[in-house]
Amino acid sequence: ADTVPGSSRNNAPEDNRTVQDYANWCGSLASHLRPSALWTMCNGLTAPNAINTCNGNYCDDWLSSHGQTGRIQTDQPALWTEDEAGYQLWGESSSRPWDYFWGRTARDDVRAGMRWFARGGSHLNHYMWWGGYNRGRMASANVMNGYATDAPLCSNGQRRHPKFDHAGMFHDAISNVADVLLGSKTGLGREVMLEYKDEESGEWKVGTQQRMFAYETDNTEGDDDGGKAGESEKSKRVVFVENDASIPLSVRLPPASSSSDDDNDNLIILSMNPLSSVLIVDGTTVFDSSIVDPVFQSYRRRTEPSPQPLGDWHYGTERPGADESDPLTVVDDRPIEHATLMNRTGIATSDYVWYETTFLNGLTLQRASLTIESDAAMGVSIFLDGMHQGDAVNYSRMEGKVTHTVDIVALPLHAREHSLAILVESLGYHKLIGRWGAGVTAKTKGLGAIALKGE
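**Q** Give a detailed account of the overall build of the protein, specifying residues and quantitative values.
**A** Tallying secondary structure elements over the protein gives 7 helices and 19 strands in all. Here the protein holds 455 residues, and the buried ones make up 39% of them. Sequence separation of 24 or more characterises 64% of the internal contacts of the protein that already satisfy a separation of 6 or more. Entry remark: accessible area of the protein is about 26400 Å², with carbon and sulfur atoms responsible for 51%.

Pasting the structure below:
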């Protein structure tokens, strides 16, 4: 029967069973539901009937240990389900991300892929290749979005140069030798440490950061023409060469075959950039992870005015808050949590809630501010007596309470009753539980204590 790969996420159980018991149960359930499918479990505990796969920036160490089950390249293929490229959140920078990471270079990403295939990897999935696109509620309601804008394809579908182009060259190079890689034994465990030239002494020394992995097939066996194969059927030798040093070096490759250990005339000398991986086919360099074509780096994005003028703009005014007669308005003696209010009103997809109240100010204040308790990943806009006073926002991807202080600009604040309206915007609920800033209790959005301070 045909097989279809499927993937299962592993989340820990809450009773006294072990997490491995839970992983095994997930594997049994998957096989029961779809017995003809090949199931994978990524980067963690794996059921006996599933294939353990790798997630991460680099997966060559994972390969060297035969995965987390010890079965990879023994009786299971090497699958890289998430070649991590990171994602970013609004308001953060690549140098100091709040939660994950982003800003990975084209050279680093491609080098990781070269190291993967050099060690016998058979599948690589970019995470992400396209940086994500979510119009309205295509993904889900109220969940925090993360976009990989610096992925090879940006969130809007435009190519990110030179990353898109450099990755495409890498894909072409690997696809052109795929038959050799798949038709040969893995190079893992058969790598050869290479000599490099010590520039100070001029001597050739065997390095610890320079190595090669060789793959070769012989397509001439069984030819009807007595072994004289056509040009396209000749044996092909594929070699991956790596320099993990942070400086450029010259490395010396042994010949494919030699009659003498001292046959230096047939040695190949290769000049390598720092932290690079090179693909050589039949003695010719076909790809270097560290060299990005200058043409790809010369692309510039250009914005031109629209040939058609935009239509007339129309605007209107509306008072802050909502009318009590509105069926979506709920009256209570305290602010209602965002999701609870959405469920109560039947509007489960809005990110915005108005909170309104009145308060009696007993003294005329020349200076005043509001201290507002809310949740992380939320923004608030403050309106006092119908006049906008200011905004505050927390962009973090974490969970927990956050306190904002907003200065009152409509001064003096007279001793009388005032109306207060607060527009709250949810930037999304954390999609994880107990990981990367997410708690294990109920997720909340809304307002807490509000205090007026002044003199």
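**Q** Tell me about the packing of helix H3 (residues 106-118) against helix H4 (residues 163-176), residues and numbers included.
**A** Interhelical geometry of H3 versus H4 gives an angle of 15° and a closest axis separation of 9 Å. Of the possible angle classes, the one that applies to H3 and H4 is roughly parallel. By crossing handedness, the relation of H3 to H4 is classed as right-handed. Contacts between H3 and H4 involve Ala106, Arg107, Val110, Gly113, Met114 and Phe117 from the first element and Lys163, His166, Ala167, Phe170 and Ile174 from the second.

**Q** Give a description of the sheet that holds strand E10 (residues 268-272) that names residues and reports values.
**A** Pairing is antiparallel in the open sheet, where 7 strands are placed in the order E10-E9-E6-E7-E8-E11-E12. Lying at the two open borders of the sheet, with one neighbouring strand each, are E10 and strand E12 (284-288). Ignoring strand direction, the axes of neighbouring strands in this sheet form an average angle of 35°. Here strand E6 (residues 192-197) pairs with strand E7 (residues 204-217) via 5 bridges, running antiparallel. When the bridges of E7 are listed, Lys197 appears paired with Trp204. Lying over the sheet, H4 contacts strand E8 (236-243), strand E11 (276-281) and E12, oriented at roughly 140° with respect to E12.

**Q** Which residues make up the pattern of salt bridges, and what values go with them?
**A** Any two side chains of opposite charge can pair, given that their charged atoms come close. By the definition in use, this model includes 22 salt bridges. The residue Asp83 makes a salt bridge to Arg104 at a minimum N-O spacing of 3.2 Å. Of this pair, Asp83 sits in strand E4 (residues 79-84) while Arg104 is found in the loop between E4 and H3, placing the two residues 21 residues apart along the sequence. Residue Arg104 is classed as buried on the basis of its relative accessible area, which comes to 7%. Measuring nitrogen to oxygen at the nearest pair gives 2.8 Å for the salt bridge that ties Arg252 to Glu195.

**Q** Break down H3 for me, citing the residues and quoting the values.
**A** For an α-helix the count is 3.6 residues per turn, leaving residues at separations of three or four pointing the same way. Relative to the 18 Å expected for 13 residues at 1.5 Å per residue, H3 spans 18 Å between its end C-alpha atoms, a close match to the ideal helical length. Along H3, 11 of the 13 residues are buried, which leaves the element largely enclosed by surrounding structure. Listed as buried for H3 are Ala106, Asp109, Val110, Arg111, Ala112, Gly113, Met114, Arg115, Trp116, Phe117 and Ala118. Positioned one or two residues after H3, Gly120 has a phi angle of 95°, which is positive.

**Q** Got a sec to walk through the sheet that holds strand E14 (residues 368-375)? Specific residues and values, please.
**A** Ordered in space as E17-E14-E19, the 3 strands form an open sheet in which the pairing is antiparallel. Strand pairing shows two members of the sheet lacking a second neighbour, strand E17 (401-407) and strand E19 (447-454), which therefore form its edges. Geometrically, the sheet is characterised by an average inter-axis angle of 20° between neighbouring strands, direction not taken into account.

**Q** So what's going on with the state of the cysteines? Residues and values would help.
**A** Across all of its chains, the model carries 1 disulfide by this definition. Here Cys54 is linked by a disulfide to Cys59, with a sulfur-sulfur distance of 2.0 Å. Torsion about the S-S bond of the Cys54 and Cys59 cystine: about -85°, corresponding to left-handed handedness. Side by side, Cys54 and Cys59 carry an identical accessibility label, which is buried.

**Q** A description of the packing of aromatic side chains should follow, citing residues and the corresponding values.
**A** The relative placement of two aromatic rings is captured by the distance of their centres and the angle of their planes. Tallying each qualifying case throughout the model produces 8 aromatic pairs. An angle of 50° between the planes, with centres 6.2 Å apart, marks the rings of Phe117 and Phe170 as tilted. Of this pair, Phe117 sits in helix H3 while Phe170 is found in helix H4, placing the two residues 53 residues apart along the sequence. With a centroid separation of 5.7 Å and an interplanar angle of 45°, the aromatic rings of Trp129 and Phe164 are classed as tilted. Separated by 35 residues along the polypeptide, Trp129 in the loop between strand E5 (123-127) and H4 and Phe164 in helix H4 bring together distant segments of the chain. Assessed through its relative accessible area of 24%, Trp129 is described here as partly exposed. These aromatic residues form a ring-pair network of at least three members: Trp62, Trp80 and Trp116. Taking the ring centre of Tyr429 as reference, the NZ or CZ of Lys445 above it sits at 5.8 Å.

**Q** Please give an account of a nonpolar patch on the surface that cites residues and values.
**A** A cluster of nonpolar side chains, contributed by Trp25, Leu29 and Leu33, occupies part of the molecular surface with about 320 Å² of accessible area. Relative to the helices and strands, Leu33 is located in helix H1 (residues 19-33).

**Q** Tell me about the nonpolar core, residues and numbers included.
**A** Counting 29 residues, the largest nonpolar core has Trp116, Phe117, Leu181, Val238, Phe240 and Leu279 as the members making the most contacts within it. In terms of residues, this core owes the most to one element, H3, which gives 6 residues. By size, the runner-up hydrophobic cluster in this structure holds 22 residues, among which are Met342, Phe359, Leu365 and Val406.

**Q** Before we move on, can you summarise the pairing of strand E3 (residues 51-56) with the specific residues and values?
**A** Counting buried positions along E3 gives 6 out of 6 residues, so the element sits mostly inside the fold. By the alternation rule, side chains of E3 split into Ile51, Thr53 and Asn55 and Asn52, Cys54 and Gly56, which are all buried. Relative to E3, strand E2 (residues 38-42) runs parallel, the two being bridged by 3 bridges. Across the sheet, the residue bridging to Met41 is Asn52, located in E3. Pairing between E3 and E4: 3 bridges, direction parallel.

Cut-offs used in this document
Every chain is numbered independently, its residues counted from 1 as its sequence is written. Reporting of local features is limited, given that this is a predicted model, to residues whose pLDDT is at least 70; pairs of side-chain atoms are given and counted only at 80 or more, and all residues count toward the totals for whole chains, interfaces and linings. Based on all heavy atoms of the structure, the side-chain values leave hydrogens and waters out of the count. Here a strand is any run of E in DSSP of at least two residues, a helix any run of H or I of at least four, and the numbering for each starts at the N terminus. A 1.4 Å probe rolled over the protein chains alone gives each residue an accessible area, and that area as a share of the maximum for its type sets the label: buried under 20%, exposed over 50%, partly exposed in between. We call two residues in contact when some of their heavy atoms are within 4.5 Å. For accessible areas, the Shrake-Rupley method is used with a probe of radius 1.4 Å. Any residue's cover is judged against the shown protein chains and nothing else. Angular values range over 0 to 180 degrees, each being the angle between N-to-C directions of two axes fitted as lines to C-alpha atoms, with helices fitted over their stretch in contact. Should an angle lie under 35 degrees it is considered roughly parallel, over 145 roughly antiparallel, and from 65 to 115 roughly perpendicular; all remaining angles are considered oblique. By the definition used in this description, the sense in which the near helix is turned from the far one sets the handedness, with an anticlockwise turn below a right angle giving left-handed and a clockwise turn giving right-handed. Two strands qualify as a pair provided that DSSP identifies no fewer than 2 bridges between them. Should a side-chain nitrogen of Lys or Arg be within 4 Å of a carboxyl oxygen of Asp or Glu, the pair is scored as a salt bridge. Each residue after the first adds 1.5 Å to the expected span of a helix. The disulfide definition used here is simple: a pair of cysteine sulfur atoms within 2.5 Å. Here a Phe, Tyr or Trp ring, Trp counted by its six-membered ring, pairs with any other such ring whose centre lies within 6.5 Å, and the pair is stacked when the planes are under 30 degrees apart, edge-to-face when over 60, and tilted otherwise. Geometrically, a charge over a ring is one whose NZ (Lys) or CZ (Arg) sits within 6 Å of the ring centre while staying within 35 degrees of the ring normal. Patches draw on residues past 30% relative accessible area with no salt bridge. Two like charges within 9 Å are joined, as are two nonpolar side chains (Val, Leu, Ile, Met, Phe, Trp, Tyr) within 5 Å. By convention a nonpolar core is built from buried Ala, Val, Leu, Ile, Met, Phe, Trp, Tyr and Cys residues, the set being connected through side-chain atoms within 4.5 Å.

None of this, on its own, says anything about what the molecule does.
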